[in-house]
Amino acid sequence: MTMRSVIVGCGTCLPRRAVSNHDLMKTVDTSDEWIVQRTGIRSRYIADEDEKTSDLAIGAARQALAMAGVDAERLDLIVLATTTPDHTFPATATKVQAALGMTGGMAFDVQAVCSGFIYALAVADNFIRLGQARTALVIGAETFSRLLDWNDRTTCVLFGDGAGAVVLEASEGTGAAGDRGILSTHLHSDGRHYDMLWVDGGPSANRTIGHVRMAGQEVFRHAVTRLSEAAEEALAANGIKAAELDWLIPHQANQRIIEATARRLKMPAEKTVLTVDRHGNTSAASIPLALGEAVADGRVKRGDLLLLEAMGGGFTWGSALVRW
Ligand code: UT7
């Protein structure tokens, strides 16, 4: 028998204010046509000053716990993926922990930018597999808009804010691909590309929070290659063919990246969950937001095989294969 982490609940939370491309056009030298053609984005949510990363994380976490029927006191672990913590320290996860009324266990943040949710899921899955936790909450939460330079039209139109969460519970499996739960995770990074997608501030570098800077075309090229490799790696490790996948739930950076990756896998558009049109790129929150939406509207059903994959700053990239 093998220890598996089964996802028993998921939840999402978006800021109250949606901002369309047309809204942005009032202050940014851009057009709806350019943004839609190059990225597929039509709208995104932007957090108001009183909406912090922790607020969005708590909203998503409460929904996930309610769906799972799990009381926060039962949690052993919270792993929160974010690039935009409320404060430089302590970890935003500890704020979520207190708000949920969880007084034991452990809570910490993970930083892998847009791959953050896959990283956090892998960390929690490994704690569960090793028997160091039985019940875990994994959150991807961002107020990425706080890092945007609204004078840089090449980046400010791309990102949005939000949060998604899942609850994991330890369960015995046979070790085969038919088991429910997380079948595999694979993580990668290559720090040689540090300054292709980065923030030009930080406590140690210059005592500021800085702004997002990106070599868009380079990132695009790497994203399609790395995401395709990550998908192939996950399938090979589990002895599964792409045709057996029910859903591709990718990080939502750009519709063209998602379509190019899906094409390489020969996954039809109907089997790909797409939210980038309404959410923009929400960094670590994008995969749990897409998963939460597809579960809530009934697309993802018990027993479905899901491939989650992401690529982001660092570069970091990775995958998780999940039997729902
Ligand atoms: O989540 C982590 C991963 N992040 C990503 O995966 C992002 C990857 N990169 C991309 O998605 C794309 O590279 C972008 C969407 C960022 C840019 O698309 P592109 O097709 O690579 O455009 P470009 O950077 O080559 O720019 C083309 C033109 C330029 O004008 P010229 O020099 O050709 O006259 C830009 O100045 O588009 C112009 N442009 C804009 N025009 C209107 C750039 N941004 C805008 C804008 N509105 N917002």
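Before reading on, note that the structure itself is shown above.
As the structure is a computational prediction, the values presented were derived from the model and not from experiment. (Residues numbered from 1 in each chain as written. Predicted model: local features only at pLDDT ≥ 70, side-chain atom pairs only at ≥ 80, totals over all residues. Heavy atoms only, no water.)

Asker: Any chance you could explain the sheet that holds strand β13 (residues 316-323) here in plain terms?
Answerer: Working definition: the strands of a sheet are paired by backbone hydrogen bonds and lie parallel or antiparallel to each other. The four strands lie next to each other as β8-β13-β12-β11, forming an open sheet whose pairing is mixed. A single partner strand is all that each edge strand has here, and the edge strands are β8 (181-189) and β11 (247-250). Pairs of neighbouring strands in the sheet enclose a mean axial angle of 15°, with direction left out of account. Here four bridges tie β11 to strand β12 (residues 305-312), and the two strands are oriented parallel to one another. (Pairing = 2+ DSSP bridges. Helix = DSSP H or I, 4+ residues; strand = E, 2+ residues; numbered from the N terminus. Axes fitted to C-alpha atoms, helices over the stretch in contact; angles between N-to-C directions.)

Asker: Would you take a moment to explain the packing of helix α3 (residues 53-68) against helix α4 (residues 92-100) for this structure?
Answerer: For any two helices packed against each other, the geometry comes down to the angle between their axes and how far apart the axes lie. Where α3 contacts α4, the two axes come as close as 10 Å, and the packing angle between them is 50°. On the basis of their axis angle, the class for α3 and α4 is oblique. The handedness of the crossing between α3 and α4 comes out as right-handed. Along the contact surface, α3 presents Thr53, Ser54, Ala57, Ile58, Ala61, Arg62 and Leu65, while α4 presents Thr92, Lys95, Val96, Ala99 and Leu100. (Parallel < 35°, antiparallel > 145°, perpendicular 65-115°, else oblique. Left-handed = near helix turned anticlockwise from the far one by under 90°. Contact = heavy atoms within 4.5 Å.)

Asker: Can you walk me through the site of the ligand in this structure?
Answerer: The local shell around the ligand holds 22 residues, among which Thr30, Arg153, Gln217, Asn254 and Asn281 are the closest. Within the contact set of the ligand, an oxygen atom lies 2.5 Å away from a side-chain nitrogen or oxygen of Gln217. Here an oxygen atom of the ligand sits 2.7 Å away from a polar atom, N or O, in the side chain of Asn254. Coverage of the ligand by the protein amounts to 74% of the 960 Å² it exposes when considered alone. Those elements that place two or more of their residues in the shell around the ligand are α2 (32-39), α6 (153-156), α7 (216-238) and α8 (255-265). Looking at the shell around the ligand, the element that brings in the most residues is α7, giving four residues. Here the shell around the ligand is composed, by residue class, of eleven nonpolar, eight polar and three charged. (Near = heavy atom within 4 Å. Polar contact = N/O pair within 3.5 Å; in protein donor to acceptor, adjacent residues only side chain to side chain. Areas by Shrake-Rupley, 256 points an atom, 1.4 Å probe, with all protein chains shown as cover. Nonpolar A, V, L, I, M, F, W, Y, C, P; charged D, E, K, R; others polar.)

Asker: Help me understand the nonpolar core, please; the structure alone is not making it clear to me.
Answerer: Nonpolar side chains in soluble globular proteins tend to be buried together. By size, the foremost hydrophobic cluster in this structure holds 38 residues, and its most contacted members are Leu121, Val166, Leu168, Ile249, Leu306 and Leu308. Residue contributions to this core peak at eight residues, all from helix α5 (residues 116-129). Looking at this core, you find at least three residues from each of domain 1 (2-173) and domain 2 (181-323). Those residues in contact with Val166 that lie beyond four places of it in its chain are Ile7, Gly9, Cys10, Ala64, Phe117, Leu121, Ala136, Leu137, Val138 and Leu291. By size, the runner-up hydrophobic cluster in this structure holds 29 residues, among which are Ile41, Leu158, Val219 and Val224. (Core = buried A, V, L, I, M, F, W, Y, C linked by side-chain atoms within 4.5 Å. Buried < 20%, exposed > 50% of the residue type's maximum accessible area, 1.4 Å probe, protein only. Domains from an automatic or database assignment.)

Asker: In this structure, what is going on with unusual backbone geometry? I would like to understand it.
Answerer: Most peptide bonds take the trans form, and the phi angle of most residues other than glycine is negative. Between Phe89 and the following residue, Pro90, the backbone shows a cis peptide bond with an omega angle of 0°. Following the sequence through the fold, Pro90 ends up in the loop between β4 (77-81) and α4. The omega angle of the peptide bond from Gly314 to Phe315 is -10°, so this bond is cis rather than trans. Examined against the element boundaries, Phe315 turns out to sit in the loop between β12 and β13. A positive phi angle, near 50°, is found at Val113, a position not held by glycine. Turning to its location among the elements, Val113 is positioned in the loop between β5 (106-110) and α5. Judged by relative accessible area, which is 18%, Val113 ranks as buried.

Asker: How do you make sense of the packing of aromatic side chains when you look at a structure like this?
Answerer: The description of an aromatic ring pair uses the distance of the two centres, along with the angle that the planes make with each other. Applying the stated criterion across every chain, the model contains two aromatic pairs. Aromatic side chains Phe108 and Phe127 sit 6.3 Å apart centroid to centroid with 45° between the ring planes, which places their arrangement in the tilted category. Placement of Phe108 in strand β5 and of Phe127 in helix α5 is noted, with a sequence separation of 19 residues between them. Centre to centre, the rings of Phe144 and Phe159 are 4.6 Å apart; their planes meet at 25°, and the pair counts as stacked. Within this pair, whereas Phe144 is found in the loop between β6 (135-142) and α6, its partner Phe159 is found in the loop between α6 and β7 (162-173), the two being separated by 15 residues in sequence. Here Phe144 and Phe159 have matching classes, each one buried. The residue whose ring lies beneath Arg226 is Trp317, and the NZ or CZ to ring-centre distance is 5.1 Å. One residue, Arg299, lies across the ring of Trp247, its end atom 6.0 Å from the ring centre. (Phe/Tyr/Trp six-rings, centres within 6.5 Å; stacked < 30°, edge-to-face > 60°. Lys NZ or Arg CZ within 6 Å of the ring centre and 35° of its normal.)

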